[in-house]
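Here are the chains, one letter per residue:
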Amino acid sequence: MGTEERKRALAKESLKLAGYGIRRKLPVLGAALAVPETGWTKESSGTDVRTLYWNMEEVLKLFTEGTAHLERTYVHMLLHGLYLHRFRKHDCMERIWWLACDIMTEYRIDRMHVPGFEWPIPGNRSRWYRRMKDEKAVFQENRLAEWTEKLREEELRELEQIFRRDHHGWWRELSDGNGVKCEDRRQQAEEAGRMSEAVHRWRTVFEQTELLNEEHKRQAGGSAGAGTEQIVIQKERGYDYRRFLKQFAVEREELALDMDSFDYIPYDYSRKMYSRLVFLEPLEYKNMRRLQEFVIAIDTSGSCSGQVVRRFLTETWEIFRERENFFRDMRIHLIQCDCMVQEHVCVTCEEEWEAYLNQMTVKGHGDTDFTPVFQLVDRLICEGELANLKGLLYFTDGDGIYPDRRPDYDTAFVFLNEELQKGRAPSWAQTLTLDIELETET
């Protein structure tokens, strides 16, 4: 075995050991390790999302410095894939976007508090985190990019030296999996198809990782109310909100052809025994998991303007209008409340929802008390008006009087963005920040 082959074998073994270490320290990332392929390059290590390209010399150098150094670089590249940084939309220079993604990735790893992953956090990174928080920078890729654009050149170079762990040139163009740029159109089309499959796998793993992360937090005794401070698995807004709503779905049968349960035995028998007769009997009902009954409460106190409320309802409607999210006989209770219930409307179809949005008037503008909504919902449950309620979504800025006890149904307090959030939800409630910016009028 030559020197090059020996180095390659040692590098492969080093990566295998790093993978074992990641599975042991961060089991929630176990599925993510199986998504990308492994390739080798003479350039610096990096990923194009489909493949992790490793430079043998860099792998061996990191492993020699300590397994944790290689593991951290490995996790860094996995998170670039998990959050699909290469394909996220942005309005800044390439260099700024790359740096923002690196800062956010390292921040997520630091928030995992993994022993050996440079924990406690080294002084240089900790100092920059403190500055970001002092300057009210929002820890989200696009918002960090806006903050980074204001820095001086020497500060950008320092941040790149501290937070960059891989080469992002792989984000620019399609390669064939061996680090070779695709020149031929046919080759580009084939690689684009493979890249699309990789993106689909990453999205699937992303959902699984979220569920596993929540399960580990529950097992550790973590409270759901701390969700906004856990910025380890942070999602794209629309994708996250859609998945968040689906946790309130119920499973039941609905009139639809269920081809997944199709019995192929009579079909195969008829094809063998008859020349012009085929036995087909798909089920007419299919088990589906969708939203059925739902309560949306809207804080209409003086601190929540009509523009803010309409922006939230518009965002929610864009998800609800998709047929896959609701059963045909849906029931959405819309409640406006400041310190008392101002309006209660039950919507049962898309037409009623659109009509409500078109003529909606925000009522209230007083102080904020959340308890009247919970009292109303409890009464509707007792009267049988709400028979299958899975959850209540309360849109607010968080500044108000909360109930003393946890209700019998799941509750989530939703904030438009961090800047508009003024209060903190109780520990028994879930929280979600949509990170939606309001359009400024000119």
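Calculation criteria
- Residues numbered from 1 in each chain as written.
- Predicted model: local features only at pLDDT ≥ 70, side-chain atom pairs only at ≥ 80, totals over all residues.
- Heavy atoms only, no water.
- Helix = DSSP H or I, 4+ residues; strand = E, 2+ residues; numbered from the N terminus.
- Buried < 20%, exposed > 50% of the residue type's maximum accessible area, 1.4 Å probe, protein only.
- Pairing = 2+ DSSP bridges.
- Phe/Tyr/Trp six-rings, centres within 6.5 Å; stacked < 30°, edge-to-face > 60°.
- Lys NZ or Arg CZ within 6 Å of the ring centre and 35° of its normal.
- Axes fitted to C-alpha atoms, helices over the stretch in contact; angles between N-to-C directions.
- Parallel < 35°, antiparallel > 145°, perpendicular 65-115°, else oblique.
- Contact = heavy atoms within 4.5 Å.
- Nonpolar A, V, L, I, M, F, W, Y, C, P; charged D, E, K, R; others polar.
- Polar contact = N/O pair within 3.5 Å; in protein donor to acceptor, adjacent residues only side chain to side chain.
- Core = buried A, V, L, I, M, F, W, Y, C linked by side-chain atoms within 4.5 Å.

> Mind showing me how you'd approach unusual backbone geometry here?
Glycine aside, negative phi is the norm for most residues, and most peptide bonds take the trans geometry. Of note in this structure, K136 is not a glycine but carries a positive phi near 60 degrees. Along the chain, K136 turns up in the loop between helix 6 (123-134) and helix 7 (141-148). Residue K136 is classed as exposed on the basis of its relative accessible area of 71%. A positive phi angle, close to 70 degrees, is found at H365, a residue other than glycine. Looking at where H365 falls in the secondary structure, it is placed in the loop between helix 13 (350-359) and helix 14 (371-382).

> Can you help me understand the pairing of strand 9 (residues 410-415) in this one?
Regular strands place side chains that alternate from one sheet face to the opposite one. Counting buried residues in strand 9 gives five out of six residues, a clear majority hidden from the surface. Direction of pairing for strand 8 (residues 391-395) relative to strand 9: parallel, over a ladder of five bridges. Bridge pairing in strand 9 places Y394 opposite F413. Looking at chain direction, strand 9 and strand 10 (residues 430-433) are connected through four bridges and run parallel. Paired with F413 across the two strands is T431, which belongs to strand 10.

> Looking at this structure, how should I read the packing of aromatic side chains?
One pair of aromatic rings is described through two measures. These are the centre distance and the angle between the planes. Applying the stated rule across the entire model yields 17 aromatic pairs. Ring geometry for Y394 against F413: centres 5.6 Å apart, planes inclined by 20 degrees, an arrangement best described as stacked. With Y394 in strand 8 and F413 in strand 9, this residue pair connects regions lying 19 residues apart in the sequence. For the pair formed by Y394 and F413, the shared burial category is buried. Grouped by ring-pair contacts, the aromatic residues F370, F374, Y394, Y402, Y409, F413 and W428 constitute a single cluster. Just above the ring of Y83 sits the side chain of R108; from NZ or CZ to the centre is 3.6 Å.

> Sorry, what's going on with the packing of helix 5 (residues 94-111) against helix 6 here?
A pair of packed helices is captured by two measures, namely the crossing angle of their axes and the spacing between those axes. Contact pair helix 5 / helix 6: the axes reach a minimum separation of 12 Å and the direction vectors enclose 105 degrees. Viewed along their axes, helix 5 and helix 6 adopt a mutual orientation that is roughly perpendicular. Two secondary-structure elements touch here, helix 5 through I103, E106, Y107 and D110 and helix 6 through R125, Y129, M132 and K133. Here the contact of helix 5 with helix 6 is built from residues that sort into four nonpolar, no polar and four charged.

> Help me out: how do you make sense of the side chain of E71 in this one?
As for its position among the elements, E71 is in helix 4 (residues 67-82). The class of E71 is buried, set by a relative accessible area of 3%. Within the structure, E71 has its side chain in polar contact with the side chain of K25 (distance 2.7 Å). Not counting chain neighbours up to four residues away, the residues in contact with E71 comprise L17, A18, G21, I22, K25 and F117.

> Which parts of the structure should I look at to understand the environment of E207?
Of note, E207 is situated in helix 9 (residues 185-219). Along the primary structure E207 and L82 are separated by 125 residues, whereas in three dimensions their C-alpha atoms are 10.0 Å apart.

> Which parts of the structure should I look at to understand the sheet that holds strand 2 (residues 46-47)?
Adjacent strands of a sheet pair through backbone hydrogen bonds, lying either parallel or antiparallel. In spatial order, the strands read 1-3-2; together these three strands make up an open sheet with mixed pairing. Two strands in the sheet have a free side with no partner beyond their single neighbour: strand 1 (37-40) and strand 2. Contacting strand 1 and strand 3 (51-54), helix 1 (residues 3-25) runs over the sheet at an angle of about 150 degrees to strand 1. Sitting on the sheet, helix 4 touches strand 2 and strand 3, and the angle it makes with strand 3 is about 145 degrees.

> Explanation requested: the nonpolar core in the structure shown.
The tendency in soluble globular proteins is for nonpolar side chains to be buried as a group. With 36 residues, the main nonpolar core has L29, W54, Y74, V75, L82 and W202 as its most contacted residues. Residue contributions to this core peak at eight residues, all from helix 4. In this structure, I96, C101, I103 and M104 belong to the second largest nonpolar core, which totals 26 residues.

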